[in-house]
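Listed here are the chains, written in short residue letters.
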Amino acid sequence: MKSRLHILTTLLVALCTVVASAEKLPDRALWASINGAGNASLGDYQQHTGKVLVSWRMLPGDNADTGFDLYRTIGTGAEKKIASNIKNRTCYQDGSASKTADNHYRLTYAGSAETLSSFTLTKAQVSGGLPYISIPLADTKDVYENTSKIVYTANDVSIGDLDGDGEFELVVKRLQSVKDESGNIVSDGSGASYSQQDCLWAVIWDAYKLDGTLLWRVKGGPGVILGNSSSFAVADFDGDGCAEMAVRTCEGTVFGDGTEIPDTNGDGKIDYRTWGNLNTSKPGYLDHYNSAGPEFLSIIDGKTGRELARDNFINRETSESWGDGYWKRACSFRVGVGCFDETGLPSVVLGRGVYGHSVIEAWDWRDGQLTKRWRFDTNDGGTGKDGKKHSTYASQGNHSLNVADLDGDGLDEVMYGSMAVDHDGIGLWNTGLGHGDANHVGKFLPEREGLQMFHCLETGKTMVALHDARDGSVIWKKDATSDNDMGRCLVGDFFPEYPGCEFFYYQGNYIKQDGAETTINTKGQKGGCGMAIWFDGSLSRQLIEDNIVQSPKYGRTFTMYRYSETFINGTKSNPSWYGDLVGDWREEIIVPDNTRLQDIKIFSTWYPTTHKFPWLMTDHCYWMSALNENIGYNQPTNTGYYLGSDLKSDAEAWAEAEKVQNVNIPTAINNAATYKTSVNSSIYNLSGQRVDVSYKGILIKNGKKVYNK
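Residues numbered from 1 in each chain as written. Predicted model: local features only at pLDDT ≥ 70, side-chain atom pairs only at ≥ 80, totals over all residues. Heavy atoms only, no water.

- The name an unreviewed UniProt entry assigns to the protein chain is Rhamnogalacturonan endolyase, from the organism Prevotella communis.

Here it is, written out as structure tokens:
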């Protein structure tokens, strides 16, 4: 079995600019947040209001003895050490921060003067009690000048280190939205759309640094359609330390350097859209489904937004070949990320079709070349590793996809709904339960080997089912008395009195890990089944729904709508992105303002915690769920090891995380010295593998580079 070392090393390269010599390692991502509005329903939550929480990452290689010192400078005053040798957590609650000046924080190892990370909580944030930073959205007059008719509202977000500086940047998808004569938005781009015929760009992508700097803008051509079929993937596909963006493009697409995809087929046009009711006072109705014109996969440079490479997207064929006569099923596109070979470098995952005929492809961007790795086609006549013909995998697709190492071989599989494709493009398994909206993959049953998959269905009698991710076998399922459409489900450890995770389906009861269904008196839970988040200081997850973070057991944790924000995607009501972006292991929430035109807000917890866990993005399952979060219908994050309230200790999760990854990357390397290792030393080579004293050459001992003779 291949070590997960390759994939974790790639993650650190992709997101944090780790070089081959391992001299530069992930930033500690020091972060500070404050809440001044009393945004919780419980007194024990409210006691933290007005206090500053400073937090940072626990990186692989840290342990219980890794200590930190924290310093603070108020305004232009002198620096002061405010905490020494913090070991049992990666956060510090500062109750004496200034409310009238900037508070600048600096983190070091205990007893060291070397800065690991720093962060400034601005006067505006601290005086306003604002638990977020704001990134202003750039105006769009360069896209369509008449903003009284057309605006571009913020939608999905993805993250990556675009410029190689060791910090995350954001890529924001913005959808063409149409105003009526009164200035009201009558078409927000989340589905079929009205538009102006002279406006060629329905979707644009903006790249921002966290300080608000606009790095570049890509304008998708007229064949790039609105809604969730304009998914995009951000990852470091070639391992150079800078992330790229992979996206479906067409003629008329304009890249960050101003170059444009021209009329490539020589037919004299780049706009293949069809229109209706053009002679009325309303804007024209734009055919939401793209039925003609060339389609491409483009790899876009994260630093500049220029196009690096281009090839043909999965062939459109005919509308009927995908299952209808009006191109809807042909326009069910997916663009994501997976790791399929020994290098651990990410590949681009493409998908077309989910309701019937489905095609999935993997592409590599390596050494300046874009090449197809494999193609899976339900029409290819092949046979899956489960012995079933690939034709039986048809009609098993979802409105989302998941990527994870389902079978434990160290390489990723693509779970496309009720079916999975192995790392080599051959079918792995299909359940035959049909099409659905939501899939969740992770470690939900602590005592069971491997990963599990929880799924809700829109076809047949089965409402929800829990599967073994290795072979798709059913652990338990819940059936209705007749065919049903169960659109949403969720999994997480919400109730500490029950072991493992609990499972929920829309307007149903919670299901315990053994499949026993029980009615639980929830507080404020509306059954939205949107997202599960680690936000407060406990190991139980909370719910993100209706612009609120709340515990289904204890009640409201955070009233987000007090801060002029909104969720996106209509009834799906998602944040633009959420995950472990900065600070400690709790997760940040990224949303636009309530107009979706002014700014993007990054919300971070202000609750202290007594728990210490590795940066969640170093877990491969979590990393894949975070990068593929916004494909189709947005799906939550999940870890590949169990993280919940019934852990006996934090170290239990550390051990499981290391077991899953089979890797331990050191967190600091100083100047090399000659040192003869002892038998009992914990030592690593420069790739991060644990080695014994027989290993000769440069290695890592106690965070220092040493030479073993």
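From this point, the narrative continues.
### Some remarks on the layout of surface pockets
Point 1. Computed from the structure, the second largest pocket encloses a volume of approximately 750 Å³.
Point 2. Lining the second largest pocket are 32 residues, and of these K443, G450, G640, E656 and V660 sit closest to its centre.
Point 3. With six residues, the single largest contributor to the lining of the second largest pocket is helix α5 (residues 650-661). (1 Å grid on protein atoms, 1.4 Å probe; cavity = no way out; pocket = protein on both sides within 12 Å on 5 of 7 lines; lining within 4 Å. Points joined across faces, edges and corners; volume = space filled by probe spheres on them. Helix = DSSP H or I, 4+ residues; strand = E, 2+ residues; numbered from the N terminus.)

### What about empty space enclosed by the protein?
Point 1. Per the stated rule, a full pass over the model turns up seven cavities of 30 Å³ or more.
Point 2. Here the largest cavity is characterised by a volume of approximately 160 Å³.
Point 3. A per-class count over the lining of the largest cavity returns five nonpolar, seven polar and three charged.
Point 4. Volume-wise, the second largest cavity comes out at about 130 Å³.
Point 5. L401, N402, V403, S625 and P636 are the residues nearest the centre of the second largest cavity, which is lined by 15 residues in total. (Nonpolar A, V, L, I, M, F, W, Y, C, P; charged D, E, K, R; others polar.)

### A look at the pattern of salt bridges
Point 1. Counted by the stated rule, this structure contains 33 salt bridges.
Point 2. Across the salt bridge formed by D479 and K477, the nearest N and O atoms sit 2.6 Å from each other.
Point 3. Look at D479 and you get partly exposed, because its relative accessible area is 41%.
Point 4. When salt bridges that share partners are traced, they join D142, R174, D206 and R217 into one network. (Salt bridge = Lys/Arg side-chain N within 4 Å of Asp/Glu carboxyl O. Buried < 20%, exposed > 50% of the residue type's maximum accessible area, 1.4 Å probe, protein only.)

### Examining the sheet that holds strand β8 (residues 132-136)
Point 1. Judged by pairing direction, the sheet is antiparallel, and its four strands sit side by side in the order β8-β43-β42-β41 without closing on themselves. The open sheet has two edge strands, β8 and β41 (577-579), and neither has a second partner. With strand direction ignored, the average angle separating the axes of adjacent strands in the sheet is 15°.
Point 2. Bridging between β8 and strand β43 (residues 599-603) involves five bridges; their strand directions are antiparallel. Within the sheet, the bridge partner assigned to I133 lies in β43 and is I602. (Pairing = 2+ DSSP bridges. Axes fitted to C-alpha atoms, helices over the stretch in contact; angles between N-to-C directions.)

### Re the packing of aromatic side chains
Point 1. Inspection of the entire model under this criterion finds 25 aromatic pairs.
Point 2. Plain terms: the ring middles of W476 and F503 are 5.3 Å apart, the flat faces sit at 85° to each other, and that makes the pair edge-to-face. You can see W476 sitting in strand β32 (residues 474-479) and its partner F503 sitting in strand β34 (residues 502-505), a full 27 residues away along the chain.
Point 3. What makes W476 buried here is its relative accessible area of 9%.
Point 4. A relative accessible area of 0% means that F503 is categorised as buried.
Point 5. Here a set of aromatic residues connected by ring pairs shows up, and it is made of Y132, F535, F558, Y563, F603, W606 and Y607.
Point 6. Over the face of the ring belonging to W201 we find K219, whose NZ or CZ atom lies 4.5 Å from the ring centre.
Point 7. Stacked on the ring of Y633, the Lys or Arg K572 has its end atom at 4.3 Å from the ring centre. (Phe/Tyr/Trp six-rings, centres within 6.5 Å; stacked < 30°, edge-to-face > 60°. Lys NZ or Arg CZ within 6 Å of the ring centre and 35° of its normal.)

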